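Listed below, chain by chain, are the residues.
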Amino acid sequence: MALIVSLPKPLSVSPLKISAPLGGALAFMGLDGCLPLFHGAQGCTAFALVALVRHFREAIPLQTTAMDEITTILGGMDNVEQALLNITRRANPKVIGLLSTALTETRGEDMEGDLRVILGRNSELAGVAVVPATTPDYDGSLETGWSKAVEAMIRWLPQGPQVPQAEQVNILPGSHLTPGDIEELRAIVEDFGLEPVILPDLSGALDGHLPSGWVSTTLGGTSLERVGRMARSPLTIAIGEHMRGPAEVLRWRTGVPVLVLDRIIGLDPVDRLMVALANVSGRPVPLRYQRQRSQLIDAMLDGQFAFAGRRIALAGEPDLLWSMGRLVSEMGARVVAATTTAAAPFLAEFPAERVIVGDLDDLDEQITEAGGCDLLIANSNATQLAARRGLALFRVGFPVFDRLGVAQRASAGYRGTRDLIFTLAGALADAGSHLVTEHRHEHAQATAG
Amino acid sequence: MLKQKVQELMNEPGCATNQAKSAAEKKRGCGAKGLLPGAAAGGCAYDGAKIALQPITDAVHLVHGPLACEGNSWDSRNAASSGCTLYRRGFTTDLSELDIIHGGERKLYQAIRAAAERFWPPAIFVYQTCVTALIGDDVEAVCREASKRLGLPVIPVVAPGFAGSKNLGNRLGGEALLDHVIGTVEPEDAGPNDINILGEYNLAGELWQIRPLLDRLGIRVRACITGDSRYVEVASAHRARAAIMLCSQAMVTLARKMRERWEIPYVEGSFYGIQDTSDTLRGVVRLLVDRGADPDLLTRADALVAEEERRAWARLESFAPRLAGRKALLYTGGVKSWSVVSALKEIGMEVIGTSVRKSTSEDKERAKALLGEEGSTFDAIPNAEMYRMLKAGEADILLSGGRTQFVALKSRTPWLDINQERHHAYAGYDGMVELVRQIDLVLNNPVWAAVRRPDPWDADGRPLEAPSWL
Ligand code: SF4
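Being a predicted model, the structure only gives us computed values, none of them experimental.

A look at the overall build of chain B
- When its secondary structure is counted, chain B shows 22 helices and 13 strands.
- Sorting the 470 residues of chain B into buried and exposed places 57% on the buried side.
- Restricting the contact set of chain B to residue pairs at least 6 apart, pairs at least 24 apart contribute 71%.

Focus on the side chain of Lys107(B)
- Examined against the element boundaries, Lys107(B) turns out to sit in helix 7 (residues 105-119).
- Among the polar contacts made by the side chain of Lys107(B), one reaches the main-chain carbonyl oxygen of Thr93(B) at a distance of 3.1 Å.
- Those residues in contact with Lys107(B) that sit more than four places away from it in its chain are Lys9(A), Pro10(A), Thr93(B), Asp94(B), Leu95(B), Ser96(B) and Asp99(B).

Details of unusual backbone geometry
- Cis rather than trans, the peptide bond between Phe398(A) and Pro399(A) has omega equal to 0 degrees.
- Mapped onto the elements, Pro399(A) comes out in the loop between strand 15 (392-395) and helix 17 (413-431).
- In the segment running from Ile225(B) into Thr226(B), the intervening peptide bond is cis, with an omega of 5 degrees.
- Looking at the secondary structure, you find Thr226(B) in strand 6 (residues 220-226).
- Although it is not a glycine, Trp120(B) sits at a positive phi angle of roughly 45 degrees.
- Backbone geometry at Asp228(B) places phi at a positive 45 degrees, although glycine is not the residue there.
- You can see Asp228(B) is positioned in the loop between strand 6 and helix 12 (231-235).

Quick notes on the sheet that holds strand 9 (residues 327-331) of chain B
Residues and elements named next belong to chain B.
- On the basis of which strands lie adjacent, the open sheet formed by five strands has the order 11-10-9-12-13 and parallel pairing. The open sheet has two free edges, formed respectively by strand 11 (376-378) and strand 13 (415-417), since each of these has just one partner strand. Taken over all neighbouring pairs, the strand axes of this sheet differ in orientation by 15 degrees on average, direction set aside.
- One ladder, built from four bridges, connects strand 9 with strand 12 (residues 397-400); its direction is parallel. Counterpart to Tyr-331 in the pairing with strand 12 is Ser-400.
- Those strands touched by helix 21 (residues 428-443) are strand 12 and strand 13, and its axis lies near 150 degrees from that of strand 13.

Considerations on the pairing of strand 9 (residues 236-239) of chain A
All names here are of chain A.
- The two faces of strand 9 match: Thr-236 and Ala-238 on one face and Ile-237 and Ile-239 on the other face are all buried.
- As paired strands, strand 7 (residues 168-173) and strand 9 are joined by four bridges and run parallel to one another. Each residue of the ladder has a partner; that of Leu-172, found in strand 9, is Ala-238.
- Between strand 9 and its parallel partner strand 10 (residues 258-261), the chain crosses via helix 11 (residues 244-254), and the hand of that crossover is right-handed.

What to know about the domain arrangement of chain B
All names here are of chain B.
- Domain boundaries in chain B define domain 1 (42-180), domain 2 (194-314) and domain 3 (318-450).
- Here domain 1 and domain 2 have C-alpha centroids that lie 28 Å from each other.
- With 27 residues of domain 1 at the interface, the matching set in domain 2 holds 23 residues.
- Between domain 1 and domain 2 the total buried area reaches about 2,000 Å² when both faces are included, carbon and sulfur atoms providing 59% of it.
- Area buried by domain 1 at its contact with domain 2 is led by Ala-80, Arg-171 and Leu-178, which between them contribute 27% of it.
- On inspection of domain 1 and its partner domain 2, the count reaches one salt bridge.

Quick look at the environment of Glu394(B)
Residue and element names in this part refer to chain B.
- Relative to the helices and strands, Glu-394 is located in the loop between helix 19 (383-391) and strand 12.
- Along the sequence, Glu-394 and Ala-328 sit 66 residues apart, while their C-alpha atoms lie 8.8 Å from each other.
- In this structure Glu-394 touches Lys-327, Ile-352, Arg-388 and Met-389, once residues within four positions along its chain are discounted.
- Among the polar contacts made by the side chain of Glu-394, one reaches the side chain of Arg-388 at a distance of 3.3 Å.

Some thoughts on the site of the ligand
- Near the ligand, the surroundings consist of Ala41(A), Gly43(A), Cys44(A), Phe47(A), Cys44(B), Tyr46(B), Cys69(B), Thr129(B), Cys130(B) and Gly161(B).
- Ranked by residues supplied to the shell around the ligand, first place goes to helix 2 (residues 42-56) of chain A with three residues.
- For the shell around the ligand, the per-class residue count stands at seven nonpolar, three polar and no charged.

Observations regarding the sheet that holds strand 2 (residues 91-92) of chain B
- What the five strands build is an open sheet, ordered 2(A)-2(B)-1(B)-3(B)-4(B); its pairing is mixed. A single partner strand is all that each edge strand has here, and the edge strands are strand 2 (12-13) of chain A together with strand 4 (154-157) of chain B.
- Pairing geometry for strand 2 of chain A and strand 2 of chain B, over two bridges, is antiparallel. What sits directly across from Ser12(A), in strand 2 of chain B, is Thr92(B).
- Helix-sheet contacts for helix 7 of chain B involve strand 2 of chain A together with strand 1 (60-64), strand 2, strand 3 (124-128) and strand 4 of chain B, and the interaxial angle to strand 1 of chain B is about 160 degrees.

A look at the packing of helix 1 (residues 2-9) of chain B against helix 10 (residues 166-180) of chain B
All names here are of chain B.
- Taken N-terminus to C-terminus, the directions of helix 1 and helix 10 make an angle of 110 degrees; their axes are 10 Å apart at the nearest point. Taken together, the axes of helix 1 and helix 10 are roughly perpendicular relative to one another. Where helix 1 crosses over helix 10, the two elements pack in a sense that is right-handed. Residues Leu-2, Lys-5, Val-6 and Leu-9 of helix 1 lie in contact with helix 10, whose contacting residues are Leu-168, Arg-171, Leu-172, Glu-175 and Asp-179.
- A breakdown of the residues in the contact of helix 1 with helix 10 according to their chemical character gives five nonpolar, no polar and four charged.

Concerning the interface of chain B and chain A
- Listed as interface residues are 60 residues of chain B and, on the opposing side, 56 residues of chain A.
- Where chain B abuts chain A, roughly 5,000 Å² becomes buried across the two surfaces, and 63% of that area is made up of carbon and sulfur atoms.
- At the surface where chain B touches chain A, the tally comes to three salt bridges.
- Applying the counting criterion to the chain B and chain A interface returns 15 residue pairs in polar contact (both at pLDDT 80 or more).
- Contributions of two or more residues to the side of chain B that touches chain A are made by helix 4 (45-53), helix 5 (68-71), strand 2, helix 6 (97-102), helix 7, helix 8 (130-134), helix 19 and helix 20 (405-410) of chain B.

The rules behind the values
Residues numbered from 1 in each chain as written. Chains lettered and ligands numbered in written order. Predicted model: local features only at pLDDT ≥ 70, side-chain atom pairs only at ≥ 80, totals over all residues. Heavy atoms only, no water. Helix = DSSP H or I, 4+ residues; strand = E, 2+ residues; numbered from the N terminus. Buried < 20%, exposed > 50% of the residue type's maximum accessible area, 1.4 Å probe, protein only. Contact = heavy atoms within 4.5 Å. Polar contact = N/O pair within 3.5 Å; in protein donor to acceptor, adjacent residues only side chain to side chain. Pairing = 2+ DSSP bridges. Axes fitted to C-alpha atoms, helices over the stretch in contact; angles between N-to-C directions. Right-handed = clockwise from strand over helix to strand, strands pointing away. Domains from an automatic or database assignment. Buried area = accessible area lost by both parts, 1.4 Å probe. Salt bridge = Lys/Arg side-chain N within 4 Å of Asp/Glu carboxyl O. Near = heavy atom within 4 Å. Nonpolar A, V, L, I, M, F, W, Y, C, P; charged D, E, K, R; others polar. Parallel < 35°, antiparallel > 145°, perpendicular 65-115°, else oblique. Left-handed = near helix turned anticlockwise from the far one by under 90°.

As structure tokens, then:
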């Protein structure tokens, strides 16, 4: 049980948040033939682009309506229209994700209304699906933008007829899943004889593969045609609390029932996933997973020694915080400092005394109050903090720009959880203990005296 | 106010590119091309101003706006520091919807005070951004008031993103220094051999490749604007005797105004390339001697330059056997391309082409003359075309910036970063040797042979080889 502390403060030092439009753009990377477009000034796009490239080490398609001082005052409809036309001519995308930014929202633009007019008067745009999402930077963080974008996809992309198709299941993964996680998830679902419709599917576009030519949209990801078949599934599985909203919208549109899994790392949530898939498919849990489950339990038995009593400081978006925090505390470690980006109510159940809604500076203070910690789990922006404190940093989340492979790490499922436990146990072993224990303290005093 | 400034900055008499323009073109200004919605790429004015000022390492750099401007990008540059690390922390007012409705001035003042009380910096730079400009937050007034109440310099940097390009932002950053910083502190130790370096941000530590050369001549860098600098160094920069202006388009206005206001003459130079380094060193020495430094300095500079050149060429030659005949494609706006071209050609590499996007007409001519028959100059290559060129093996290595990194890598072509995000320092004599060493390392890495091996099966996945055991 945790107290969620969200104190307004004037100065954010070492921000933890990532802007909502970036989260939205990231979600659109999971659609095939897509080009996300920020409605705002060009700098926002440039920053987001650099951040995404540094994290994924891939070329990232992202464009801007290039608002300037004058168009901001006059209104941006012409810029949106021109941008849509230019993109369509140059890149020929199937989908354009149109994301608003703080600038256009502050001015109070009616982006959806404008878009209707634009689509009505430009036959050239008939072949492109344009999905508008409202993602001002002043509201929420990466998870917020991601979930709003997915919700917009569900609202705006066409659904085909509701012909029930038993061998199919919808998956709505949260932004805390890596392309590697999604690949693992897909394999699990397919092993039950089910075809997953994953929205959005980063494992197609951002898994680090070599295309056979150069395209300026996403390559891979879920196709519009597949999105249009979601209404046929007997079940939608949403992963992460921030995907509950989009899943509910899908249910409201299509009637497909929803199962929200809070996470897919850890024994208990993966058990729930397996049971759900077995029930949907009417097939028993494949032997491979029965075996993987016992392998995970064995890893937990071996790994508990490494975790027991160790003190962890954790920072991340709510659902990422939840996933990691639950795992380490289930293994016997203690979360002594926890910082997140939004006051998500479900974090009241988080296994720590307090969860602070704030920045990495707040995390730093919490670590001091806790008398130190053994391991820091956060994104690469915590590198300076870790260095100042001489702490080991286990990198998760976004952005991670100074370690290869984190963007692809697979921690989902029994096997992923097992691997994550091993890696974390290794990190904890390397970290040693940074806590000056009372015993050691007394000892030092005795020697001095 | 801002509009005036922008107009003035974009019609810089000291800028060679601008000089070559017709009157009508001049009037339109240099950043006024107009961005094409849906086909624009590049940073905003705020980005540029931050790039220009953030390397002041002991200051707080506070960004006034909603999260995106600072949250997505803090600590992502490679400007190195020899001491303070305060500049690397992200500071922002992170405005919420409510803040925006009520206006952000109060919050900004509180943020400035919080930063001052917590970190005791010698100065705080406050950056205006689009949203706070749109809602009319008077950043200049808040800074003035905070400065008075808190008793430390609080410098407004009015370069909201939507005012223009990164380049404009660089210049606006320079203006902020002129208006509020330079000349505010009198140094006690001004000497006849003091110089400023303008437009050097110490990316990957390049300043440290230059400083030893100046040290050996007894020349002191009073202020580097702004690489690895302290606030008071910049504040007392007006007492330098001469200046070197690098990265000409960004800092030319600052250089010119410092000459007008404090009679500090400058040479326009570059530390990329052997010849350039020598010319720049000789140039600044001449200025110092003109202004009364010991004329002996000239002789010593000549000796230093001769010795360093000899040493550099000798080291470069050792790479020739491994690089001669290999083909390079240069695609960059930043580094003066022709000076790199001359070094590559000297060791026998073939340069099949170089971009001249941001070069002056004089640079373009130089590049053309150097390239001769086999190479060509060009403005921009679309990604798809570059991918085709590389895939077809028209070049053995691409030297460029991050934007085209994956065009090279996805076509399995060696690539070296020579732009802002680079991790190696390429300045001065040692830097040129380092560049060639890196080219050698990348180009001759055995990994290329491995990654180019074709799939051992056909399109349907059927093995191409018969079983060896039959
Ligand atoms: S364009 Fe404006 S809102 Fe966007 S990053 Fe630049 S200053 Fe901030």
